[in-house]
Amino acid sequence: MSTIFHLDIVSAEESIYSGPVEFLVAPAQMGEVGIYPRHTPMLTRIKSGMVRIKAQLKEEELIYVSGGMLEVQPNVVTILADTAVRSHDLDEAKAIEAKRAAEEAMKNRESELDYAKAQAELMEAMSQLAAIDKLRKRKH
Amino acid sequence: MAGSREIRNKIKSVKNTQKITRAMEMVAASKMRKAQDRMKKARPYGEKIRNVAAHMSRANTEYRHPFLIARDTVKRIGIIVVTSDKGLCGGLNTNVLRKTLNQMKRWQAEGEQIEACCIGNKGLGFMSRIGANVTSQVVGLGDTPDIVRLVGAVKVVLDGYTQDQFDRVYIFYNRFINTMKQEPVMEQLLPLTDERMQSDEQSNSKPKTTWDYIYEPEAKPVIDDIMIRYVEALIYQAVAENMASEQSARMVAMKAASDNAGNVIDELTLIYNKSRQAAITKELSEIVGGAAAV
């Protein structure tokens, strides 16, 4: 019977921990969970907080995670850590912001077009002026 | 010698340009290394979450997440276009936007509506120029594909999918192959295809055992969370690859520009020397001719 299991803690930006451990404690949504080898497969959300890890012949280690998911497979445990504190409301606010920015950009499209048009007209007027200038010089 | 001063000025200005392109090349080279590192670091997360999602899609039969259910009729399509914020990176953005445009034309010919989500300034500018319907955007990401910044725009698209505004979601970006080669690709993001799950699974070569999890607090919100994070991880990966591609494309483009500037300087120097020698010869022969006349 194995007394250790493999633990991976990964976030979208990097791999935080990978190695065999004896025991781990994580702040699950419904309260802290302690996991020993041969734990039943489980999937749960975790809150932001400390994950305590005990590896063989080593001191206990503390790793901070800002929320994420905890997955327990028969011999492998994975913590998918979020890179930032996430909440439904916060995500919603960001979605609205992204939408608003797009709408604004769409509105500005016309003004940009106007700008391009004005620029073209200005260029034409300038070339006309230059031509008139040349003609005048030739006369004198 | 009216020409010689002009040529000298020209050489000077080309030299200045070369200095700038060379500096940009070096900046891009150092950024490229970081961007590639970031892209590699993002991989384990993508793999892990993919495994979880694949297990889950097989294990839990009571609740199937909408991301996994393919729809029969496709009327509206959401696209995510990943480009860089800045230019001067060769044909990188042009290639991916050309691919996007061709695909959009094909869809429009089939009578499908398209809504776009733009990540990166260049794509946004292009989409608004061609009059596409842009529903969300993220610009000014800088050098790090910050997932916090991406969340909002991505959520608009994912919500659109779950609320039946889109029937399919595709993503366009530059896949990083190596420093010299980047390839514009189109991938179907939603619904998540079975083959995507399977091909990922096989690469891990694990025995196909299935088990059901204990879900805490219950299955639905946990599965929802995993699925959203999975799709976000895919998009994050795409953005990270695009950024690595951007820096390498810029480095290559700037190297080519520096080399070209070098060639121009050589040519101009040759012309300058020729005209200088011609002038000297002319002056000499005038003096000699003058002396002979006296």
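Look above for the structure.
A short tour of the structure in this document, coming up.

Each value, and the rule that gives it
- Residues numbered from 1 in each chain as written.
- Chains lettered and ligands numbered in written order.
- Predicted model: local features only at pLDDT ≥ 70, side-chain atom pairs only at ≥ 80, totals over all residues.
- Heavy atoms only, no water.
- Helix = DSSP H or I, 4+ residues; strand = E, 2+ residues; numbered from the N terminus.
- Rg over C-alpha atoms; globule rule 2.2 N^0.38 Å.
- Contact = heavy atoms within 4.5 Å.
- Areas by Shrake-Rupley, 256 points an atom, 1.4 Å probe, with all protein chains shown as cover.
- Lys, Arg positive; Asp, Glu negative; His and termini not counted.
- Charge placed at Lys NZ, Arg CZ, Asp CG, Glu CD.
- Buried < 20%, exposed > 50% of the residue type's maximum accessible area, 1.4 Å probe, protein only.
- Polar contact = N/O pair within 3.5 Å; in protein donor to acceptor, adjacent residues only side chain to side chain.

## Focus on the overall build of chain B
Alright, step 1. Of regular secondary structure, chain B possesses six helices and six strands.
Alright, step 2. Its helices and strands in sequence order give chain B the pattern α-β-α-β-α-β-α-β-β-α-β-α, from N to C terminus.
Alright, step 3. At 28 Å, chain B has a C-alpha radius of gyration far larger than the 19 Å of a compact globule built from 294 residues.
Alright, step 4. The principal-axis extent of the C-alpha atoms belonging to chain B is close to 115 × 40 × 30 Å.
Alright, step 5. In chain B, of all internal contacts separated by at least 6 residues, the share reaching a separation of at least 24 is 77%.
Alright, step 6. Within the structure as shown, chain B displays about 14,800 Å² of accessible surface, and the carbon and sulfur contribution to it stands at 52%.
Alright, step 7. Positive and negative side-chain charges of chain B, numbering 43 and 34 respectively, have mean locations separated by a distance of 9 Å.

## Some points on the environment of His6(A)
Residue and element names in this part refer to chain A.
Alright, step 1. Locating His6 in the fold gives a position in strand S1 (residues 5–11).
Alright, step 2. Note on His6: relative accessible area 30%, which makes it partly exposed.
Alright, step 3. Taking the C-alpha atoms as reference, His6 lies 9.8 Å from Pro74; in sequence the two are 68 residues apart.
Alright, step 4. Contact partners of His6, with chain neighbours within four places excluded, come to Ser18, Gly19, Pro20, Asn75, Val76 and Val77.
Alright, step 5. Reaching out from His6, the side chain makes a polar contact with the side chain of Asp8 at a distance of 3.4 Å.
Alright, step 6. Side-chain polar atoms of His6 contact the side chain of Ser18, separated by 3.5 Å.

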